[in-house]
Amino acid sequence: EDTVPIVDFTNQLIKLDSNGNFVWKQNTGVSTNNQGCMLQHSGGYLYYQSGNLSVSKIDTAGVVGTNLTASYYSSPTASSGLLFKGSSVFPNGDLLFAAYSLGSVAYGIDTLFHIGNPFLTAPFLFLRCDTNMNLIWAKYASNGRSPDNNFIPVAIDNNDNVYAAV
């Protein structure tokens, strides 16, 4: 089939084979309003935003595995979650995800607070997790300008230093 039917107003993860034939689709469960979404391939798995506060792991056969979900999110704006817009892989296989937010977010007991005006600026969230989606660390960089219009390019060097162009 040349046209793949998808569900309106949600992001889809689509697999095509090497000849361009449709293989499967996975509804990601999130709508980012044409603001882009994150996708990372590593170790035979794909990592993608799977909800307002989640990143999930799926194998190349389309079987969804584990996820990493924030335990708390609050914003004084109309924002209902995070937008994951960047990712990379550490030399040991750990994963880095970058998102922007308009509020406070928590992973377990670590709560990250926005410093600044949430109607004008937003923090960039950086998460490091292992391949089983276990959180290693979470950090905020506050006061980004108009991050909702941008992807978050990230890179990691051989010494595990993280670089981001925000």
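The structure displayed is predicted, hence computed values, not measured ones.

Calculation criteria
Residues numbered from 1 in each chain as written. Predicted model: local features only at pLDDT ≥ 70, side-chain atom pairs only at ≥ 80, totals over all residues. Heavy atoms only, no water. Core = buried A, V, L, I, M, F, W, Y, C linked by side-chain atoms within 4.5 Å. Buried < 20%, exposed > 50% of the residue type's maximum accessible area, 1.4 Å probe, protein only. Contact = heavy atoms within 4.5 Å. Pairing = 2+ DSSP bridges. Helix = DSSP H or I, 4+ residues; strand = E, 2+ residues; numbered from the N terminus. Axes fitted to C-alpha atoms, helices over the stretch in contact; angles between N-to-C directions. Phe/Tyr/Trp six-rings, centres within 6.5 Å; stacked < 30°, edge-to-face > 60°. Lys NZ or Arg CZ within 6 Å of the ring centre and 35° of its normal.

Peer 1: For this particular structure, what's the right way to read the nonpolar core?
Peer 2: Across soluble globular proteins, you tend to see nonpolar side chains buried next to one another. Counting 21 residues, the largest nonpolar core has L82, F84, F97, V105, Y107, L125 and L127 as the members making the most contacts within it. In this structure, Y107 is in contact with L53, L68, T69, A70, S71, L82, F84, L125, L127, L135 and A138, ignoring residues within four places of it in sequence. Ranked by size, the runner-up nonpolar core spans eleven residues in total, among them L83, F90, Y100 and F126.

Peer 1: Explain the sheet that holds strand β7 (residues 72-74) here, please?
Peer 2: Backbone hydrogen bonds are what pair the strands of a sheet, in a parallel or an antiparallel way. Pairing is antiparallel in the open sheet, where three strands are placed in the order β7-β10-β11. Bordering the open sheet on either side are β7 and β11 (110-112), each of which pairs with just one other strand. Taking each pair of neighbouring strands and ignoring which way they run, the sheet shows an average axis angle of 10°. With three bridges joining them, strand β10 (residues 104-107) and β11 adopt antiparallel strand pairing. For A106, the partnering residue across the bridge sits in β11 and is T111.

Peer 1: I'm lost on the sheet that holds strand β6 (residues 64-69) in this one. Help?
Peer 2: Spatially, four strands are ordered β3-β4-β5-β6 in an open sheet, and the strand pairing comes out antiparallel. Whereas interior strands pair on both sides, the edge strands pair on one side only; in this sheet they are β3 (39-42) and β6. Strand after strand, the sheet turns through a mean of 25° between neighbouring axes, direction not considered. Here β3 pairs with strand β4 (residues 45-51) via four bridges, running antiparallel. Along β4, the bridge assignment pairs S42 with Y45.

Peer 1: In this structure, what is going on with the packing of aromatic side chains? I would like to understand it.
Peer 2: A ring pair, where both rings are aromatic, is described by two values, the distance of the centres and the angle of the planes. Tallied over the full model, the rule gives one aromatic pair. Taking 6.2 Å as the distance between ring centres and 45° as the angle between the ring planes, the aromatic pair formed by Y47 and F97 counts as tilted. Of this pair, Y47 sits in strand β4 while F97 is found in strand β9 (residues 95-100), placing the two residues 50 residues apart along the sequence. A residue is classified by how much of its surface remains accessible, and Y47, at 1% relative accessible area, is buried. The side chain of K85 reaches across the aromatic face of F151, ending 5.7 Å from its centre. For R128, the ring lying beneath its charged end belongs to F90, and the centroid distance is 3.7 Å.

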